[in-house]
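Residue strings, one per chain:
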Amino acid sequence: MKAGRSAQGGGEVVERPAVEAPLHPVTEDPRHIGTSRERPSARRLVQGQGVYVDDIELPRMAHVVFWRSPVAHCRILKIDAEAARGMPGVVMVADGRDIATVCKPWVATLAHLAGMKSAPQHALAIERACWQGEPVVAVVAETREQAEDALQLVQVDFERLTPVVDMETALDPATPVIHPELGDNLCFTRTLDTGGVDEAFAHAAAVVETTFEFGRHTGVTLEPRSQLADWNAAEQRLTVYHSFQAPHMMQDLYARQFDLPESAVRVVCKDVGGSFGIKVHAYPDDFATVALSMLCRRPVKFVADRLESFTSDIHARHHRVRARLAASQSGEILAFEIDDLTGIGPYSVFPRTSAIEGNQVVNLVGGPYKHQQYRARLNVVFQNKTPTCQYRGVGHPIACAVTEGLVDLAARKLRMDPLEFRKRNVIPDDAYPATGASGIKLEVLSHEACLQRIETLMDYKALRAEQVALRQRGIHRGIGFATLIELTNPSAAFYGVGGARIASQDGATARLDPSGSVTVMASVGEQGQGNDGIFRQIAADAIGVELEMVRIVTGDTDVTPYGGGTWASRGAGIGGEAVLLAGQALRANILKLGAVLLKREAGDLTVRRGHVVDAQTLEKLLPFSELGRVAYYRSDLLPKDFTPELMVTRHYAQRDYPFIFTNGVQASYVEVDAETGYVKLLKHWAVEDCGRVINPRLVDEQIRGAIVQGIGGALLEECLYDEEGLMRNANLADYLLPMSAEMPDIVVAHVQTLTRSSQLGAKGAGEAGTAGAPAAVMNAINDALAPLGAQVWSQPITPEKILRALGHVP
């Protein structure tokens, strides 16, 4: 091992070999991979030069707004839009039947989730609206203001229906069935049993159990969901400008839903103001906007406002998990058992489905540990609430909080130090590849190294001593840990095997331009996480040019190779590998051209910093600009049997494992005011192993941002509903978000264990912070409350819940 500060102020990096292989350089002249470099879009964005969907104006463009159901469940009796149609600037008022003439309904299920079901869903509700916020009527006008004015005159008569609000009673015989054709309100169920759970609990020295609750919350991206659909009737071609994560996925969906050939659909994602998984789903108003462009034969723009976003953007994380753990007297974990109930909306979300989050919880509980026995039961139930689906972390925060909460309970019951308890139970670093109790395949992880690193990083012994001293003065501080795994670099096992047309591979095209600069077109886009920055670094090293000579193009299905896009922390591991392969192929072709021009063997040459050079002496022989000049303008100087290929495309799909897991550990230090229930976050630490760190600064800020998002779920964020299924806090005044002044200092360090599934060795890092932070904060709060005989297992952990646990409020 060797340690050192990363360049330009990134977190501390501990380089660790993958099993026995040394941490090797990826390229011959590595200068950029592994260093903190400025992302190419940074200056443009901070100078206000970003181009978001709302910045795009097209000739004859109209705007659409939606009349959304004001209640959770109703039968639509009559729609009177005559007065709205007569308003100034109104182009069209359309209902669900109008839209259905051009857009087919869909059903969001996956074949590998056996028994999963959902009802057909339309772009605009036709007979019933099934959640508050479901779009029912669309008003298209010349301006957004005119559309909003006309919307006020739309009259919808409806009959209220009894909503299904409580997920605990959703399957009761007395509860109405939202979609009678489905037979019940069960979307998906799954059980997993290794077979020895009962015996393990029967012989355990310590059994701990509790019930965990996780409140619904949502993404609240800086840029709301937005799109601009432009149907060219003359060419029979659709162009959609989208704030989205997966352009090729939407290209496929538009083609299928509107009976178009894929070649007739172009999806363009320019700058995207944050996604967090919110923008990786197909929404009803999305399809409706495209349909309206077709019906109006002109461009139509939709930009969600903040109020409608709260009930139309997907929600996530609504779970109740009853869980228990068995341990031996020596502190060995013997078994986990969970019963997870999660409430989704009235429909499964298209096309990734609303069962994936619960399925992930089942797969991930107990993930870091070497126990052999595990039993899990999952029920995913329909509700008349905003649909839920994948949001940053996708099941990880729930699974991690359940796992780590039980681990702390067991350590406390056995009177063991919680860090020591984890050290005894994590899968050893020399035991990989390994299979977890749930059946997950783990290539290579570094739990032991990460635990050792965080103990030193936070000066754990000194912190415990400080905690003891402060308790004697009536100051209640707590330390909480969360050991975690994170699913990244997914193979086709995630969606493809279930029939979803979501690419598991990604592609990159690298082109040497006549000036000697390089253009790289990548199918993984940029939503603020820095993919454009790391792709530039990888390409510069792979090809052998200065960083400034590389231009990155993403987010256009007419230009970039086909690929899956941005989700599941796959940008570096899959998109980056495709860029590396394309860069290597272009470099090889550059050397072939150089060999022809210099009349030398290609093996005697190499590439350094924009030049073909002598491989032995590194003497500069030909600049790339000269290669480009000859290849593009003076082909007469080349042999007739040689054609230079200075534009190459390569694709990469991870096939070795269903997923490539990363791992890490987080620690939180908090102070709880026992009189007010207020939690003060004092400090937070994270040690992350995401494989090769390409840009330390970007990775650190990804982790910090994800930790803040995780803290939001742990302490603040929740979509609150009343007994009628109406969201009570659907605005930024009442929906609480983490603010910078409330956040602690976050210290980040790294261990690097390279995956062998790629040359780059990179895994993902985008979701680990969100996965571990809620568990670490929860455990820290409960550590602070332990001497007072109180515990809180319901997130968000609010002052009211703490005071109730302390017995101060009923």
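The structure we're discussing is the one just above.
Residues numbered from 1 in each chain as written. Predicted model: local features only at pLDDT ≥ 70, side-chain atom pairs only at ≥ 80, totals over all residues. Heavy atoms only, no water.

**Student:** Go over the packing of aromatic side chains with me, naming the residues and quoting the values.
**Tutor:** Tallying each qualifying case throughout the model produces 14 aromatic pairs. Each ring, one from Tyr-254 and one from Phe-287, has its centre 6.1 Å from the other, and the planes form 90°; the classification is edge-to-face. With a gap of 33 residues between them, Tyr-254 in helix H6 (residues 247–257) and Phe-287 in helix H7 (residues 284–296) connect regions that are remote in the sequence. Phe-287 shares its class with Tyr-254; the two are buried. (Phe/Tyr/Trp six-rings, centres within 6.5 Å; stacked < 30°, edge-to-face > 60°. Helix = DSSP H or I, 4+ residues; strand = E, 2+ residues; numbered from the N terminus. Buried < 20%, exposed > 50% of the residue type's maximum accessible area, 1.4 Å probe, protein only.)

**Student:** So what's going on with the side chain of Arg-536? Which residues, and what values?
**Tutor:** Position of Arg-536 among the secondary structure elements: in helix H14 (residues 531–543). At 5.6 Å, Glu-548 is the nearest oppositely charged side chain to Arg-536, a buried residue that forms no salt bridge. Discounting residues that sit within four places of it in the chain, Arg-536 has contacts with Glu-38, Pro-40, Leu-547, Glu-548, Val-550 and Ile-552. (Lys, Arg positive; Asp, Glu negative; His and termini not counted. Salt bridge = Lys/Arg side-chain N within 4 Å of Asp/Glu carboxyl O. Contact = heavy atoms within 4.5 Å.)

**Student:** Give me the side chain of Gln-257: which residues, what numbers.
**Tutor:** Examined against the element boundaries, Gln-257 turns out to sit in helix H6. A polar contact is formed between the side chain of Gln-257 and the backbone oxygen of Lys-104, at a distance of 2.7 Å. (Polar contact = N/O pair within 3.5 Å; in protein donor to acceptor, adjacent residues only side chain to side chain.)

**Student:** Any details on the pairing of strand S26 (residues 605–608)? Residues and values, ideally.
**Tutor:** For a regular strand, side-chain orientation follows a simple rule: the groups alternate between the two sheet faces. Bridge count for S26 against strand S27 (residues 611–614) is four bridges, and the pairing is antiparallel. In the strand pairing of S27, Leu-605 is matched with Asp-614. Count of turn residues in the S26/S27 antiparallel hairpin: two residues, of which Arg-609 carries a positive phi of about 50°. (Pairing = 2+ DSSP bridges.)

**Student:** Tell me about the pairing of strand S25 (residues 550–554), and name the residues and values.
**Tutor:** Across five bridges, the pairing between strand S24 (residues 518–522) and S25 is parallel. Bridge pairing in S25 places Thr-519 opposite Arg-551. Taken together, S24, H14 and S25 form a β-α-β motif whose crossover is right-handed. (Right-handed = clockwise from strand over helix to strand, strands pointing away.)

**Student:** I'd like a rundown of helix H13 (residues 460–471), residues and numbers included.
**Tutor:** The first and last C-alpha atoms of H13 sit 17 Å apart over 12 residues, in line with the 16 Å expected at 1.5 Å per residue. For H13, the complete set of buried residues consists of Tyr-460, Leu-463, Arg-464, Gln-467 and Leu-470. The buried side chains of H13 occupy one side of the element, clustering within an arc of 130° when seen end-on. Contacts from the buried residues of H13 go to helix H11 (418–425), helix H12 (447–457), strand S22 (476–488), strand S30 (660–672), strand S31 (679–689) and helix H18 (768–785). (Expected span 1.5 Å × (residues − 1). Arc of directions from axis to C-beta.)

**Student:** Kindly report on the sheet that holds strand S33 (residues 794–795), identifying the contributing residues and their values.
**Tutor:** Strand order in the open sheet formed by six strands is S9-S19-S18-S17-S10-S33, with mixed pairing between adjacent strands. The open sheet is flanked by strand S9 (186–193) and S33, the only strands paired with a single partner. Strand direction decides the pairing type here: strand S18 (residues 333–343) and strand S19 (residues 373–381), joined by nine bridges, are parallel. By the bridge assignment for S19, Glu-337 is matched with Arg-375.

**Student:** So, the packing of H6 against H7: which residues are in play, and what are the values?
**Tutor:** Across the interface, H6 lies against H7 with an axial gap of 12 Å and an inter-helix angle of 60°. By the angle class used here, H6 and H7 are oblique. Note that H6 runs across H7; the crossing there is right-handed. Taking contact as the criterion, the partners of Met-250, Leu-253, Tyr-254 and Gln-257 in H6 are, on H7, Asp-286, Phe-287 and Val-290. Of the residues that constitute the contact of H6 with H7, the class distribution is five nonpolar, one polar and one charged. (Axes fitted to C-alpha atoms, helices over the stretch in contact; angles between N-to-C directions. Parallel < 35°, antiparallel > 145°, perpendicular 65-115°, else oblique. Left-handed = near helix turned anticlockwise from the far one by under 90°. Nonpolar A, V, L, I, M, F, W, Y, C, P; charged D, E, K, R; others polar.)

**Student:** How would you summarise the nonpolar core if you had to cite specific residues and measurements?
**Tutor:** Core analysis: the biggest nonpolar cluster contains 172 residues, and Tyr-254, Phe-287, Val-402 and Ile-781 have the highest contact counts within it. Among residues more than four places away in sequence, those in contact with Val-402 are Phe-212, Phe-214, Val-321, Ala-323, Ile-338 and Val-365. (Core = buried A, V, L, I, M, F, W, Y, C linked by side-chain atoms within 4.5 Å.)

**Student:** Before we move on, can you summarise the sheet that holds strand S29 (residues 647–652) with the specific residues and values?
**Tutor:** For sheets, the rule is that strands pair by backbone hydrogen bonds, running either parallel or antiparallel. If you walk across this open sheet you meet the four strands as S25-S24-S23-S29, and the pairing is mixed. In this open sheet, the two edge strands, each paired with only one partner strand, are S25 and S29. Going from strand to strand, the sheet's axes swing by 20° on average, the running direction of each strand aside. Summarising the sheet, strand S23 (residues 506–512) and S29 pair through six bridges and their orientation is antiparallel. When the sheet's bridge partners are listed, Arg-511 is paired in S29 with Met-647.

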